[in-house]
Amino acid sequence: MAAESSSSDTQHEAFAQVTRLLADLGHPHAPRWLDVPARTCQEAAEALGLATGQIAKSVIFRRKADDAAVLVVASGDKRVDEKKVAALVGPVGRADAEFVKAKTGYSIGGVAPVGHATPPVTLIDRELFRFDEVWAAAGHPNGVFRLAPADLERLTGAPVADVVQQA
């Protein structure tokens, strides 16, 4: 087996970090390592045999006023409405991969809703509450963990809001 690159080692360490954090917080479901990467909600849903909406995707924005990371944890079958987010937290813009990695400690495709390098401003999409159980990234594209939407509230301390576009 070939040696892994330092980037891969860092990502695997992020998965281990999320695993430890969830255990420390008393979360009953340890993260699961998927055989295939799940960088998109569709890939994660297919790998887990779930509806796309049950994937709790982490979308990062850059708040313009102070360069803070704004994390929106949204249902995988919904599109985040940037205007609704801005109405709650102030004007935001898109975040590039470098910003996401610097602020969260995670690479895009594996951003967990917990354990960020710098605590983000966080909002939880109310549409996640359509489901009894959702799955979120666990620090790596192959890592996911199961939780109830109420657990997401408890683990993040974030408010639930209407932050997605209407169909």
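Above this note sits the structure.
To keep things clear, this report deals only with the structure shown in the data block. (Residues numbered from 1 in each chain as written. Predicted model: local features only at pLDDT ≥ 70, side-chain atom pairs only at ≥ 80, totals over all residues. Heavy atoms only, no water.)

### Side note on the pairing of strand β3 (residues 69-75)
Line of reasoning, step 1. Burial analysis of β3 places seven of its seven residues in the buried class, the great majority of the element.
Line of reasoning, step 2. Where strand β2 (residues 55-63) meets β3, seven bridges bridge the pair, whose relative direction is antiparallel. Paired with Phe61 across the bridge in β3 is Val70.
Line of reasoning, step 3. The antiparallel hairpin formed by β2 and β3 contains five residues in its connecting segment, where Asp67 sits at a positive phi of about 65°.
Line of reasoning, step 4. Judged from the four bridges that link them, β3 and strand β5 (residues 121-125) form a sheet pairing that is parallel. Looking at β5, one finds that Val70 is bridged to Val121. (Buried < 20%, exposed > 50% of the residue type's maximum accessible area, 1.4 Å probe, protein only. Helix = DSSP H or I, 4+ residues; strand = E, 2+ residues; numbered from the N terminus. Pairing = 2+ DSSP bridges.)

### Details of the pattern of salt bridges
Line of reasoning, step 1. Using the criterion set out here, one finds 10 salt bridges in the structure.
Line of reasoning, step 2. We note a salt bridge from Arg94 to Glu82, for which the minimum N-O separation is 3.5 Å. Of this pair, Arg94 sits in strand β4 (residues 92-94) while Glu82 is found in helix α3 (residues 82-89), placing the two residues 12 residues apart along the sequence.
Line of reasoning, step 3. Put simply, Arg62, Asp67 and Asp96 are held in one network by salt bridges that share partners. (Salt bridge = Lys/Arg side-chain N within 4 Å of Asp/Glu carboxyl O.)

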